[in-house]
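# Close look at the chain arrangement
What follows is each chain in one-letter form.
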Amino acid sequence: LQSNGASSSVSWAAAGGGKVVQVVQQIMPSNYTMSSGTNALVSGMNPQITMATTTNKLIVLGSYALRISGNGSTVTPSANLFITDVNNVQKAGVYLYFNVASNTHHPTWTVCQQAMWTPGSTSAYDVKLLCNNASEGGSLQFYGVSGVAWTSFTLIEIEA
(Lines give C-alpha, C1' and ligand atoms only; values in the text may rest on other atoms or scores of the structure.)
Protein backbone atom coordinates (compact mmCIF):
# COMPACT_ATOMS: atom_id res chain seq x y z
CA LEU A 1 0.00 0.00 0.00
CA GLN A 2 1.11 3.56 -0.64
CA SER A 3 -0.05 6.19 1.82
CA ASN A 4 1.10 9.83 1.78
CA GLY A 5 4.21 8.82 -0.10
CA ALA A 6 5.37 6.49 2.68
CA SER A 7 5.51 2.77 2.27
CA SER A 8 3.48 0.57 4.62
CA SER A 9 2.24 -2.98 4.57
CA VAL A 10 -1.00 -4.59 5.61
CA SER A 11 -1.44 -8.26 6.45
CA TRP A 12 -4.54 -10.34 6.93
CA ALA A 13 -4.98 -13.49 8.96
CA ALA A 14 -6.35 -16.49 7.17
CA ALA A 15 -10.12 -16.73 7.37
CA GLY A 16 -11.23 -19.21 10.00
CA GLY A 17 -14.37 -21.20 10.41
CA GLY A 18 -17.31 -21.64 8.12
CA LYS A 19 -15.98 -24.75 6.38
CA VAL A 20 -18.37 -27.68 6.04
CA VAL A 21 -16.81 -30.59 7.93
CA GLN A 22 -19.46 -33.26 7.28
CA VAL A 23 -23.06 -33.79 6.19
CA VAL A 24 -25.35 -36.53 7.51
CA GLN A 25 -28.81 -37.12 6.06
CA GLN A 26 -31.57 -39.37 7.32
CA ILE A 27 -34.78 -40.04 5.42
CA MET A 28 -37.65 -41.52 7.39
CA PRO A 29 -37.77 -45.20 6.30
CA SER A 30 -41.57 -45.62 6.47
CA ASN A 31 -44.74 -43.70 7.30
CA TYR A 32 -45.40 -42.80 10.93
CA THR A 33 -48.89 -41.91 12.20
CA MET A 34 -49.76 -40.18 15.46
CA SER A 35 -53.24 -40.14 16.90
CA SER A 36 -54.90 -37.26 18.70
CA GLY A 37 -53.33 -36.21 22.00
CA THR A 38 -49.97 -37.88 21.36
CA ASN A 39 -46.75 -36.24 22.54
CA ALA A 40 -43.82 -38.34 21.34
CA LEU A 41 -40.55 -38.55 19.47
CA VAL A 42 -41.25 -39.36 15.82
CA SER A 43 -40.08 -42.90 15.12
CA GLY A 44 -37.38 -43.14 12.46
CA MET A 45 -36.22 -39.54 12.85
CA ASN A 46 -33.16 -39.61 15.10
CA PRO A 47 -30.00 -39.22 13.02
CA GLN A 48 -26.67 -39.31 14.81
CA ILE A 49 -23.53 -37.27 14.20
CA THR A 50 -20.10 -37.31 15.83
CA MET A 51 -18.73 -33.77 15.81
CA ALA A 52 -15.02 -33.25 15.01
CA THR A 53 -14.54 -30.68 17.81
CA THR A 54 -16.52 -29.38 20.77
CA THR A 55 -16.60 -25.86 19.32
CA ASN A 56 -18.03 -26.62 15.88
CA LYS A 57 -21.61 -25.59 15.03
CA LEU A 58 -24.36 -27.97 14.01
CA ILE A 59 -26.95 -26.87 11.48
CA VAL A 60 -30.08 -29.05 11.32
CA LEU A 61 -32.47 -28.83 8.37
CA GLY A 62 -35.78 -30.63 8.78
CA SER A 63 -38.21 -31.25 5.93
CA TYR A 64 -41.49 -32.99 6.77
CA ALA A 65 -44.18 -34.30 4.44
CA LEU A 66 -47.37 -34.48 6.51
CA ARG A 67 -50.88 -35.76 5.96
CA ILE A 68 -53.78 -34.71 8.18
CA SER A 69 -56.88 -36.85 8.68
CA GLY A 70 -60.19 -36.03 10.35
CA ASN A 71 -62.43 -38.27 12.43
CA GLY A 72 -65.45 -38.35 10.09
CA SER A 73 -66.60 -34.87 11.00
CA THR A 74 -65.19 -31.36 10.88
CA VAL A 75 -62.15 -31.13 13.17
CA THR A 76 -59.36 -28.63 13.70
CA PRO A 77 -56.23 -30.67 14.40
CA SER A 78 -53.13 -28.87 15.56
CA ALA A 79 -49.59 -29.97 16.21
CA ASN A 80 -46.27 -28.64 17.45
CA LEU A 81 -43.07 -29.92 15.81
CA PHE A 82 -39.72 -29.47 17.53
CA ILE A 83 -36.13 -30.20 16.52
CA THR A 84 -34.50 -31.34 19.76
CA ASP A 85 -31.01 -32.22 20.89
CA VAL A 86 -29.79 -35.40 22.57
CA ASN A 87 -31.36 -34.23 25.87
CA ASN A 88 -34.72 -33.35 24.24
CA VAL A 89 -34.03 -29.61 24.60
CA GLN A 90 -36.04 -27.81 21.92
CA LYS A 91 -33.89 -26.01 19.33
CA ALA A 92 -36.59 -25.02 16.81
CA GLY A 93 -40.36 -25.25 16.78
CA VAL A 94 -43.34 -24.71 14.53
CA TYR A 95 -47.07 -24.72 15.29
CA LEU A 96 -49.47 -26.20 12.71
CA TYR A 97 -53.24 -25.67 12.72
CA PHE A 98 -55.66 -27.23 10.25
CA ASN A 99 -59.37 -27.35 9.49
CA VAL A 100 -60.34 -30.78 8.15
CA ALA A 101 -63.90 -31.01 6.81
CA SER A 102 -64.26 -34.80 7.14
CA ASN A 103 -62.42 -38.09 6.88
CA THR A 104 -62.64 -37.80 3.09
CA HIS A 105 -60.34 -34.75 3.13
CA HIS A 106 -56.66 -35.45 3.74
CA PRO A 107 -54.62 -32.29 3.22
CA THR A 108 -50.91 -32.83 2.69
CA TRP A 109 -48.35 -30.27 3.82
CA THR A 110 -44.64 -29.80 3.49
CA VAL A 111 -43.02 -28.10 6.48
CA CYS A 112 -39.39 -27.00 6.74
CA GLN A 113 -37.43 -26.12 9.88
CA GLN A 114 -33.87 -25.19 10.66
CA ALA A 115 -31.81 -24.81 13.81
CA MET A 116 -28.19 -24.16 14.70
CA TRP A 117 -26.32 -24.74 17.95
CA THR A 118 -22.99 -25.92 19.37
CA PRO A 119 -23.39 -29.46 20.78
CA GLY A 120 -20.14 -29.19 22.77
CA SER A 121 -19.38 -32.90 22.40
CA THR A 122 -17.27 -35.20 20.24
CA SER A 123 -19.28 -38.27 21.21
CA ALA A 124 -22.08 -39.71 19.08
CA TYR A 125 -24.86 -37.11 19.25
CA ASP A 126 -28.56 -37.68 18.47
CA VAL A 127 -30.89 -35.15 16.89
CA LYS A 128 -34.61 -35.84 17.27
CA LEU A 129 -38.03 -34.78 16.01
CA LEU A 130 -40.62 -34.29 18.76
CA CYS A 131 -44.30 -33.89 17.91
CA ASN A 132 -47.18 -32.85 20.13
CA ASN A 133 -50.31 -33.81 18.17
CA ALA A 134 -52.76 -31.82 20.28
CA SER A 135 -55.72 -32.32 17.95
CA GLU A 136 -59.38 -32.92 18.58
CA GLY A 137 -59.74 -36.38 17.11
CA GLY A 138 -57.67 -36.21 13.95
CA SER A 139 -54.40 -37.91 13.14
CA LEU A 140 -51.09 -36.71 11.77
CA GLN A 141 -49.02 -38.86 9.41
CA PHE A 142 -45.40 -38.28 8.45
CA TYR A 143 -44.58 -39.69 5.02
CA GLY A 144 -41.61 -42.00 4.83
CA VAL A 145 -39.54 -42.87 1.78
CA SER A 146 -42.47 -44.77 0.24
CA GLY A 147 -44.39 -41.58 -0.59
CA VAL A 148 -43.94 -39.00 -3.32
CA ALA A 149 -42.44 -36.62 -0.77
CA TRP A 150 -40.80 -37.75 2.45
CA THR A 151 -39.61 -36.61 5.84
CA SER A 152 -35.89 -36.03 6.35
CA PHE A 153 -33.19 -34.43 8.49
CA THR A 154 -29.93 -33.05 7.13
CA LEU A 155 -27.18 -32.41 9.70
CA ILE A 156 -24.30 -30.14 8.69
CA GLU A 157 -21.22 -29.68 10.87
CA ILE A 158 -19.59 -26.25 10.37
CA GLU A 159 -16.05 -25.50 11.52
CA ALA A 160 -15.96 -22.85 14.26
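The notes below deal with the structure included here. All values derive from a computational prediction rather than experimental measurement.

With that settled, the discussion passes to the overall build of the protein chain. Along the backbone of the protein chain there are 0 helices and 14 strands. Helices and strands appear in the protein chain in the N-to-C order β-β-β-β-β-β-β-β-β-β-β-β-β-β. Looking at the protein chain as a whole, 39% of its 160 residues qualify as buried. Within the protein chain, counting contacts between residues at least 6 apart in sequence, those at least 24 apart form 79% of the total. A total accessible area of about 8300 Å² is found for the protein chain, and carbon and sulfur atoms account for 51% of it.

Turning to unusual backbone geometry, a few remarks are in order. For residues that are not glycine, phi is negative in most cases, and the peptide bond is trans in most cases. Within the chain, Asn 88 stands out as a residue other than glycine whose phi angle is a positive 65°. With respect to the secondary-structure elements, Asn 88 resides in the loop between β8 (78–84) and β9 (90–97). Taking relative accessible area as the criterion, Asn 88 reaches 39% and is therefore assigned partly exposed.

What follows concerns the environment of Gly 44. Within the secondary structure, Gly 44 is located in the loop between β5 (38–41) and β6 (48–50). Along the backbone, Gly 44 and Ser 30 are 14 residues apart, and their C-alpha atoms lie at a distance of 7.7 Å. Look past the residues within four positions of Gly 44 in its chain and what remains in contact with it is Gln 26, Met 28 and Pro 29.

Before going further, it helps to examine the environment of Phe 142. In this fold, Phe 142 is placed in strand β13 (residues 139–142). Distance in space between the C-alpha atoms of Phe 142 and Leu 66 is 4.7 Å, their sequence separation being 76 residues.

Tallied over the full model, the rule gives 1 salt bridge. Note that Asp 85 is salt-bridged to Lys 91, the shortest N-O span being 3.9 Å. A relative accessible area of 7% places Asp 85 in the buried class.

Quick notes on the rules
Residues numbered from 1 in each chain as written. Predicted model: local features only at pLDDT ≥ 70, side-chain atom pairs only at ≥ 80, totals over all residues. Heavy atoms only, no water. Helix = DSSP H or I, 4+ residues; strand = E, 2+ residues; numbered from the N terminus. Buried < 20%, exposed > 50% of the residue type's maximum accessible area, 1.4 Å probe, protein only. Contact = heavy atoms within 4.5 Å. Areas by Shrake-Rupley, 256 points an atom, 1.4 Å probe, with all protein chains shown as cover. Salt bridge = Lys/Arg side-chain N within 4 Å of Asp/Glu carboxyl O.

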